[in-house]
Number of protein chains: 4
Amino acid sequence: MPRKPNTAERRSQIVAALLAEIAVQGYARASVQAIARRAGLAPGLVHYHFRDKEEILLELIASLARVARAREAALAAAATTPQERLQAWLDARLASGPGAAPDAVAAWVMIGAEAVRQPEVGRAYRAVLNEELAALTGCLQACLAARAKATAQAPRLAAGLLAFMEGAFQLSSAARELVPEGFAAGMAMQFALRCIDAEPPAGRPAREDAV
Amino acid sequence: MPRKPNTAERRSQIVAALLAEIAVQGYARASVQAIARRAGLAPGLVHYHFRDKEEILLELIASLARVARAREAALAAAATTPQERLQAWLDARLASGPGAAPDAVAAWVMIGAEAVRQPEVGRAYRAVLNEELAALTGCLQACLAARAKATAQAPRLAAGLLAFMEGAFQLSSAARELVPEGFAAGMAMQFALRCIDAEPPAGRPAREDAV
Amino acid sequence: MPRKPNTAERRSQIVAALLAEIAVQGYARASVQAIARRAGLAPGLVHYHFRDKEEILLELIASLARVARAREAALAAAATTPQERLQAWLDARLASGPGAAPDAVAAWVMIGAEAVRQPEVGRAYRAVLNEELAALTGCLQACLAARAKATAQAPRLAAGLLAFMEGAFQLSSAARELVPEGFAAGMAMQFALRCIDAEPPAGRPAREDAV
Amino acid sequence: MPRKPNTAERRSQIVAALLAEIAVQGYARASVQAIARRAGLAPGLVHYHFRDKEEILLELIASLARVARAREAALAAAATTPQERLQAWLDARLASGPGAAPDAVAAWVMIGAEAVRQPEVGRAYRAVLNEELAALTGCLQACLAARAKATAQAPRLAAGLLAFMEGAFQLSSAARELVPEGFAAGMAMQFALRCIDAEPPAGRPAREDAV
DNA sequence: CATGAATGAGCTTTCATTCAT
DNA sequence: GATGAATGAAAGCTCATTCAT
């Protein structure tokens, strides 16, 4: 008389609990007991559904990436121009307002720190960032192309925006009062447009740009 | 015939050991024992010179801020124009090459994560960032003024560059291979110059800028 | 098929072990390790069942109070007159012979010392003494009333007997050979009866008694 | 060039500091460092003047006994009758008002607890109590003799009063609000007088007293 | 005599993980 | 699937005592 499996549900409960714990405690101090308590489960159950604590973290990383992509997809639905698509991409990650998830942002900051230490976590973290980078590069290339500009600098600019994004997460988690409320999305767009506009037309080398 | 105090020396030994440990382990896992071992001291001695682990961290934060300012002072010595001064400020934090301290960068990332959790650490972290912000704003205002541009956007731009800086630290610690080697200082300068050049002349409102 | 909870049993095991340790070591030196060892448990288990050491102590205080009341109930079962009830009350606490628990007495002395230091312990300690005082006052009032004497002095006399009781515990723990073997119960009764007999009949003021 | 020895002064400084610490912390938690700090001395100096912590405690015990005897001597100076001398003895230990030293009382309670544990402390503690008992017995015998009563019960009564005294110390340290303010000296005298008055004249056996 | 750094054992507490039920 | 007790290895911190100066 097999009961119907609920592993998927349990796993996401646990991942959500880790998200909440990690956002305020950091990973090292997010104890399995606390995760279980927050998820409303018995402690032992956590290790039934996950091999160890790291595995929960890895799933959380994947989950956060999925959420960001989903928010972007929603925002991008109405976009028609490359610039609108870029805007959607940035807003999905950086805009305040509905859909913003401060806990997720704080958790991501903690994950970034943990990525330095745990090789497996580092791999997962970089895999996510790599996809972000690729997508962002694509957006930027489209914008540049739409303006008949050279696209060679797109990867570099994407890396710059990614760094800005990570730093904005950091500041919004740990130093919210130091930066203007909700400035991140606008600032990112500003950086992007300024650099795009300054790019020379396609076909010509971009020598003087090597700042 | 009292033994002569050596607390200052011991304290900096211990702070240096915490820096090294935190860079690879994070704060929570940088055990006092490991710190002592790395500093070549008996475990108990750490708590003779510091009330608790947090106090070491607070001193480390202050110490890192001092180091950054010192590096900047050295670089800024030869600067004559506002733009060179800005360059010195950014290079002191972001340039690779001599004076770059990957351990310090990684430690700072860990501190940023810890700042979310420990209120006292958060305060110290924000105090440092606040000073950075003020100094950077000053550099930007000088650059804008030198070009006869409105300076109103300087604080916002400074916040943007600070976020980029923090994010660049993060990426260089946890995802070095995703970003071009040593691109951070150049990218920051590019963001800054593009935005500065795009500012309208002083005296005219900057309406269309509210990106 | 959950394992059935045994917390109640474990907790009383641990409390009993603390009683034994505290009686010879005092609270500060009754280490959790030693408690666990004496209870035959793994060290970590103590903190699974109790938040911290203080919580064990608080439960021990409650437990000792329960034991005293139980012994008294047994002795008072056969009592018919108020004086016999008083005797039962005093014997339950002070008599040597069967039911006497030197360890509990020594533990209570240590608890009294600890009550000076730990506010929460002080509260629990005073709560128990307060109940003792109320019960004893009741016994004394009944005795006085049975002899048609004024009962106004009952609270004061009860406080005096309570002090004697605490002191007798102290001496029997730390200076047994200085006091006659098993004299405490008799001495307390003697104090009580002498004072009761000396009280003036009810209805008349007891002025000359204000010693 | 020998400096003039100040050992005696230093020792009493240290003893006084232990008194203050022990009164609020208990002996086990009165750290040598804290004692030194309170005495305004360097930590190492404590072990120059005392072999170890226990030795300080032993001297404190002796010191407290001396203080009690000194206060008694002052009060007894004006006493002419045995009863006045008894009063002086009890007041010296139990009266509130000038000369009362709550810290000393609390310290004595802590010492009583420690006496259970440390054999050497126990010996010193009992030695003091033994002298107290002898002196008190003497007072009581004198009172009884002055009234032409049998003195055989004096030791027993003295033990009872001593127990009351120790218990009054305990209550005044840990449960001050449970007992009437400043009732101890009066209560002790009341116990004493009631029992003295109830004693039969000398020369006749005291059978009915075997309560 | 005096200083204060140094030592290392021992303390309470936390926690990932295991496992009997 | 689920429970919650159990384990034992750390962790941070305290402290009596020693000792070079």
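Our structure's up above, just so we're on the same page.
Remember, it's a predicted structure, so these values are computed and weren't measured experimentally.

(A) Summary view of the interface of chain D and chain C. Between chain D and chain C, the residue contacts involve 51 residues of the former and 51 residues of the latter. For the chain D and chain C pair, buried surface summed over both sides reaches about 4,400 Å², with 68% attributable to carbon and sulfur atoms. For the chain D face of the interface with chain C, the top three residues by lost area are D:Arg117, D:Leu178 and D:Arg194, together amounting to 15%. In this structure, the connection of chain D to chain C is made through 4 salt bridges. Close ionic contact of D:Glu114 with C:Arg29 constitutes a salt bridge, the shortest N to O distance being 2.5 Å. Across the contact surface, chain D and chain C share 14 residue pairs in polar contact (both at pLDDT 80 or more).

(B) How the structure looks around the relation of the copies chain D and chain C. With an RMSD of 0.2 Å, the operation that places chain D on chain C is a rotation of 180 degrees combined with a shift of 0.0 Å along the axis. One copy is carried onto the other by what is essentially a two-fold rotation axis. Comparing interface residues between copies, 100% of those in chain D also lie at the interface in chain C; the contact surface is shared.

(C) Here's a closer look at the packing of aromatic side chains. Summed over the entire model, instances satisfying the criterion amount to 14 aromatic pairs over all chains. Ring geometry for A:Phe164 against A:Phe183: centres 6.2 Å apart, planes inclined by 75 degrees, an arrangement best described as edge-to-face. You can see A:Phe164 sitting in helix α8 (residues 154–174) and its partner A:Phe183 sitting in the loop between α8 and α9 (184–198), a full 19 residues away along the chain. Neither residue differs from the other here; A:Phe164 and A:Phe183 are each classed as buried. The structure contains a cluster of three or more aromatic residues connected by ring pairs, namely A:Phe164, A:Phe183, A:Phe191, B:Phe164, B:Phe183 and B:Phe191. A cation sits over an aromatic face here: D:Arg93 above D:Trp89, 3.9 Å from the ring centre.

(D) The arrangement of the interface of chain A and chain B in detail. Facing 51 residues of chain A, the contacting portion of chain B comprises 51 residues. Between chain A and chain B, a total of about 4,400 Å² is buried, with carbon and sulfur atoms accounting for 68% of that surface. In this structure, the connection of chain A to chain B is made through 4 salt bridges. The residue B:Arg126 makes a salt bridge to A:Glu177 at a minimum N-O spacing of 3.2 Å. For the pair chain A and chain B, the interface holds 14 residue pairs in polar contact (both at pLDDT 80 or more). Those elements giving two or more residues to the side of chain A that touches chain B turn out to be α1 (7–25), α6 (102–117), α7 (119–146), α8 and α9 of chain A.

(E) Region of interest: the environment of D:Ala184. Residues and elements named next belong to chain D. Here Ala-184 is to be found in helix α9 (residues 184–198). In this structure Ala-184 comes out as buried when scored by relative accessible area, which is 10%. Between the alpha carbons of Ala-184 and Ala-100 there is a distance of 12 Å; along the sequence they are 84 residues apart. Ignoring anything within four residues of it in the chain, the contact list for Ala-184 reads Leu-94, Phe-164 and Ala-168.

(F) Inspection of the pattern of salt bridges at higher detail. Taken as a whole and judged by the stated rule, the model has 52 salt bridges over all chains. One salt bridge connects D:Arg147 with D:Asp197, and the closest N-O pair in it is separated by 2.6 Å. One end of the pair, D:Arg147, is in the loop between α7 (119–146) and α8 (154–174); the other, D:Asp197, is in helix α9, with 50 residues separating them in the sequence. Through salt bridges that share partners, A:Arg11, A:Arg51, A:Asp52, A:Glu55 and A:Glu59 make up one connected network.

Cut-offs used in this document
Residues numbered from 1 in each chain as written. Chains lettered and ligands numbered in written order. Predicted model: local features only at pLDDT ≥ 70, side-chain atom pairs only at ≥ 80, totals over all residues. Heavy atoms only, no water. Contact = heavy atoms within 4.5 Å. Buried area = accessible area lost by both parts, 1.4 Å probe. Salt bridge = Lys/Arg side-chain N within 4 Å of Asp/Glu carboxyl O. Polar contact = N/O pair within 3.5 Å; in protein donor to acceptor, adjacent residues only side chain to side chain. Least-squares fit on C-alpha atoms with pLDDT ≥ 70 in both. Phe/Tyr/Trp six-rings, centres within 6.5 Å; stacked < 30°, edge-to-face > 60°. Helix = DSSP H or I, 4+ residues; strand = E, 2+ residues; numbered from the N terminus. Buried < 20%, exposed > 50% of the residue type's maximum accessible area, 1.4 Å probe, protein only. Lys NZ or Arg CZ within 6 Å of the ring centre and 35° of its normal.

Taken by themselves, the reported measurements are silent on function.
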